[in-house]
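# Report on the structure
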Amino acid sequence: MNTLPSQVWRTNIGSAPSQLLNYIDGNFVTSASSFANINPVNGKLISDVFEADAKQVNEAVVAAQNALKGPWGKLSVQDRAALIHKIADGIQARFEEFVAAEVADTGRPVHQARTLDIPRAIANFRTFADLAKTSHTDLFEMSTSDGSGALNYTVRKPLGVIGVISPWNLPLLLFTWKVAPALACGNTVVAKPSEESPSSATLLAEVMHDAGVPPGVFNLIHGFGKDSAGEFLTQHPGISALTFTGESKTGSTIMKAVADGVKEVSFELGGKNAAVVFADADLDAAIEGVLRSSFTNSGQVCLCSERVYVHRSIFDEFVSGLKVEAERLVVGYPDQDGVNMGPLISHGHRDKVLSYYRLAVDEGATVVTGGGVPKFNDERDQGAYVQPTIWTGLSDKARCVTEEIFGPVCHISPFDDEDEVINRVNDSNYGLACAIWTTNLSRAHRVSRQIHVGLVWVNTWYLRDLRTPFGGVKLSGLGREGGRFSMDFYSDIANICIKI
Ligand code: NAD
């Protein structure tokens, strides 16, 4: 199964270049400055990435504006969908290169990249290509005083140039979650992946180029946020909308940047998600589920559960069961047999997570397991690993229980009744997702609709149908994407009223 040559993910991304270029108006271009892309498994250099400057970001936006007026703007929706399927075919054809790129940048298990990240990127293109072909609009008939009546119908038109800014935690999956529907709706795109995970997006630019996507339709700019490509893009008057996934405070900064131009925004932001385990839950399934929801991708999924509430009658049994399973997790090399967890994305992020590990102790937590850094006695000691960690004993007001940590960690707290736990779950500045574990059908329905979040799972976690709405409330985001919600966001919707 794990056939990647070790060199591929330990030092570079194989056949891909060791320099990553920007892709502007159909050309791969360098720039005056570059930054290092570091492998979090061992701290070694993967590639140098050329940072787009303000002039290049402007060129990308102008190219995207011009491309709207070219052959791309004249394609029928069927031909556009066919081209988008060709992009999906291109990713499929270079599947293992994408896996290697994602693993190199993030250190995630190869198995995860093969079963989640890359297949989902392909599904994003196919799903939105098909939705564009099959979507319908509204028609309203109305009566008029002269008796002849009128018809109103809505049309979806491309919005224009879409700015896409994405994070590092699920690099290609989240990048394509926005690029695919934007293209499917006929827009052009200027997209910036995270500076921590630039490789798979660069491969995608090659795939777009080879698939025959016209110049200027998809532009890739590399760089950071402040005083760099991210900020240059959000401040550019030529974009029509900005779609962003990342931290809540970055979302707030971007909102201010686009305010003067009154640009449309779609924000998928941070979370401090809860899992709730009722006394009537299937305990084994709940333990297995919370293990996944707390530790998948080293806890670096916006949907991960960092707050776990367990009914007092099963609290001790649950905590000891989860501790056993967490201690069985294999933390190691991405291609190691049976590996469950890789490193965090970077040393900088590890410093942040470890600062919470220390803070939890200061705040009075009982460390059930973990709380430190694993020792390997090999090159991985130069990597960005931390131990999967479980705490109990903190108050609901503790910073470790209220702030997003974004690491492999959860705090488990007992509760006594349903109303109490609903109030405690909702007492958060965030509102992205919640997982509920119960075998009582009425309770599942009753509680689900009282949780103030965008996504509730019952007896499962991170099961996604791409046609359903995705997004959060409060600090967790603004707007919904997925299915027709994406079709609406990435379109200019106009009403046409015809008097008969
Ligand atoms: P981040 O906000 O630091 O960076 C995200 C992107 O924004 C990067 O490409 C970065 O370069 C860019 N950026 C940073 N500052 C900017 C600025 N001033 N102007 C323009 N662009 C700027 O987030 P991150 O650390 O990459 O990702 C982790 C965060 O993302 C977590 O908070 C996580 O919960 C959140 N997230 C949310 C979802 C969701 O769907 N709600 C999904 C994944 C991740």
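What counts as what
- Residues numbered from 1 in each chain as written.
- Predicted model: local features only at pLDDT ≥ 70, side-chain atom pairs only at ≥ 80, totals over all residues.
- Heavy atoms only, no water.
- Phe/Tyr/Trp six-rings, centres within 6.5 Å; stacked < 30°, edge-to-face > 60°.
- Helix = DSSP H or I, 4+ residues; strand = E, 2+ residues; numbered from the N terminus.
- Buried < 20%, exposed > 50% of the residue type's maximum accessible area, 1.4 Å probe, protein only.
- Lys NZ or Arg CZ within 6 Å of the ring centre and 35° of its normal.
- Domains from an automatic or database assignment.
- Contact = heavy atoms within 4.5 Å.
- Buried area = accessible area lost by both parts, 1.4 Å probe.
- Salt bridge = Lys/Arg side-chain N within 4 Å of Asp/Glu carboxyl O.
- Polar contact = N/O pair within 3.5 Å; in protein donor to acceptor, adjacent residues only side chain to side chain.
- Expected span 1.5 Å × (residues − 1).
- 1 Å grid on protein atoms, 1.4 Å probe; cavity = no way out; pocket = protein on both sides within 12 Å on 5 of 7 lines; lining within 4 Å.
- Points joined across faces, edges and corners; volume = space filled by probe spheres on them.
- Nonpolar A, V, L, I, M, F, W, Y, C, P; charged D, E, K, R; others polar.
- Pairing = 2+ DSSP bridges.
- Patch = residues over 30% accessible without salt bridge, like charges linked within 9 Å, V, L, I, M, F, W, Y side chains within 5 Å.
- Areas by Shrake-Rupley, 256 points an atom, 1.4 Å probe, with all protein chains shown as cover.
- Lys, Arg positive; Asp, Glu negative; His and termini not counted.
- Charge placed at Lys NZ, Arg CZ, Asp CG, Glu CD.
- UniProt positions renumbered as here; feature names shortened; annotations may be inferred.
- Near = heavy atom within 4 Å.
- Sits in = over half its atoms within 2 Å of the grid points.
- Core = buried A, V, L, I, M, F, W, Y, C linked by side-chain atoms within 4.5 Å.

## Concerning the packing of aromatic side chains
- Evaluation of the coordinates by the stated rule reveals 13 aromatic pairs.
- Considering the side-chain rings of F175 and F218, the 6.2 Å spacing of their centres and the 90° angle between planes classify their relative orientation as edge-to-face. Placement of F175 in helix α7 (residues 171-184) and of F218 in strand β10 (residues 218-220) is noted, with a sequence separation of 43 residues between them. Accessibility classification places F175 together with F218 in one group, the buried group.
- Summarising the aromatic geometry, the rings of F489 and Y490 are spaced 4.9 Å apart at their centres and angled 85° between planes, so their arrangement reads as edge-to-face. Each member of the pair, F489 together with Y490, is buried.
- Its guanidinium or amino end placed over the ring of F485, R484 lies 4.5 Å from that ring's centre, counting from NZ or CZ.

## Describing the domain arrangement of the protein chain
- One can read the domain layout of the protein chain as domain 1 (5-270 + 476-499) and domain 2 (274-458).
- Put simply, the middle of domain 1 and the middle of domain 2, counted by C-alpha atoms, are 31 Å apart.
- In this assembly, 24 residues from domain 1 lie in contact with 29 residues from domain 2.
- Taking both partners together, domain 1 and domain 2 bury about 2100 Å²; carbon and sulfur atoms supply 59% of that area.
- In this structure, E379 engages K44 in a salt bridge whose closest nitrogen and oxygen atoms are separated by 3.5 Å.
- Counting every contact that joins domain 1 to domain 2 gives eight residue pairs in polar contact (both at pLDDT 80 or more).

## Here's the deal with helix α2 (residues 54-69)
- The first and last C-alpha atoms of α2 sit 24 Å apart over 16 residues, in line with the 22 Å expected at 1.5 Å per residue.
- The opening residue of α2, the one whose side-chain oxygen lies 3.2 Å from the backbone nitrogen of K55, is D53.

## As for the layout of surface pockets
- Estimates place the volume of the largest pocket at around 880 Å³.
- If you trace the largest pocket, you find 36 residues lining it, with E195, F244, G246, E247 and T250 closest to the centre.
- Those elements giving two or more residues to the lining of the largest pocket turn out to be α9 (229-234), β11 (241-245), α10 (248-259) and α13 (347-362).
- If one sorts the elements of the lining of the largest pocket by residue count, α10 sits on top with five residues.
- Partitioned by chemical class, the residues of the lining of the largest pocket number 12 nonpolar, 14 polar and 10 charged.
- Taken domain by domain, the lining of the largest pocket gets at least three of its residues from each of domain 1 (5-270 + 476-499) and domain 2 (274-458).

## Some details on the pairing of strand β12 (residues 264-268)
- Of all five residues that make up β12, four are buried, and the element is covered over most of its length.
- Of the pairings in the sheet, the one linking β11 to β12 comprises five bridges and is parallel in character. By the bridge assignment for β12, L242 is matched with V265.

## Focus: a negative patch on the surface
- Residues D282, D284, D316 and E317 make up a contiguous surface patch of negative charge.
- With respect to the helices and strands, the residue E317 is situated in helix α12 (residues 315-328).

## Looking at the UniProt feature "active site" (unreviewed entry) in the protein chain
- As annotated by UniProt and renumbered to match this structure, "active site" (unreviewed entry) occupies E268.
- Mapped onto the fold, E268 is located in strand β12.
- Within the structure, E268 has its side chain in polar contact with the side chain of W177 (distance 3.2 Å).

## Overview of the side chain of S305
- Its place among the elements puts S305 in strand β14 (residues 305-311).
- A relative accessible area of 1% means that S305 is categorised as buried.
- Ignoring any residue separated from it by four or fewer positions in sequence, one finds S305 in contact with N273, A274, A275, S293, S294, V409 and C410.

## Here we look at empty space enclosed by the protein
- Summed over all chains, the structure comprises four cavities of 30 Å³ or more.
- Looking at the largest cavity, its volume works out to about 120 Å³.
- Elements that contribute at least two residues to the lining of the largest cavity include exactly α6 (110-134) and α7.
- No other element matches α7, which puts three residues into the lining of the largest cavity.
- Taken together, the residues of the lining of the largest cavity break down into 10 nonpolar, one polar and three charged.
- If you add up the space inside the second largest cavity, you get close to 70 Å³.
- Considering the residues around the second largest cavity, the lining is formed by 16 residues, among which R307, V425, Y430, G431 and V453 are closest to the centre.

## Concerning the sheet that holds strand β4 (residues 33-38)
- Within the open sheet, the three strands sit side by side as β1-β5-β4. Their pairing is mixed. On the outer flanks of this sheet lie β1 (19-20) and β4, each paired with one strand and no other.
- Bridging between β4 and strand β5 (residues 45-51) involves six bridges; their strand directions are antiparallel. Across the sheet, S33 pairs through a bridge with E51, a residue of β5.

## A short note on the site of the ligand
- Taken together, 31 residues are adjacent to the ligand, and S166, E195, T250, L269 and E404 come closest.
- The separation between an oxygen atom of the ligand and a polar side-chain atom of W168 is 2.9 Å.
- Between an oxygen atom of the ligand and a side-chain N or O atom of T250, the distance comes to 2.7 Å.
- In isolation the ligand offers 860 Å² of accessible surface; the protein chains occlude 91% of this area.
- Assessed atom by atom at 2 Å from the grid points, the ligand resides in the largest pocket.

## A short note on the nonpolar core
- Core analysis: the biggest nonpolar cluster contains 99 residues, and F125, V179, F218, L303, F318 and I412 have the highest contact counts within it.
- Sorting elements by how many residues they give to this core places α6 first, with 11 residues.
- Both of domain 1 (5-270 + 476-499) and domain 2 (274-458) provide at least three residues apiece to this core.
- Judged by nonpolar contacts, the second largest core, of 20 residues, contains A52, I165, A229 and F267.

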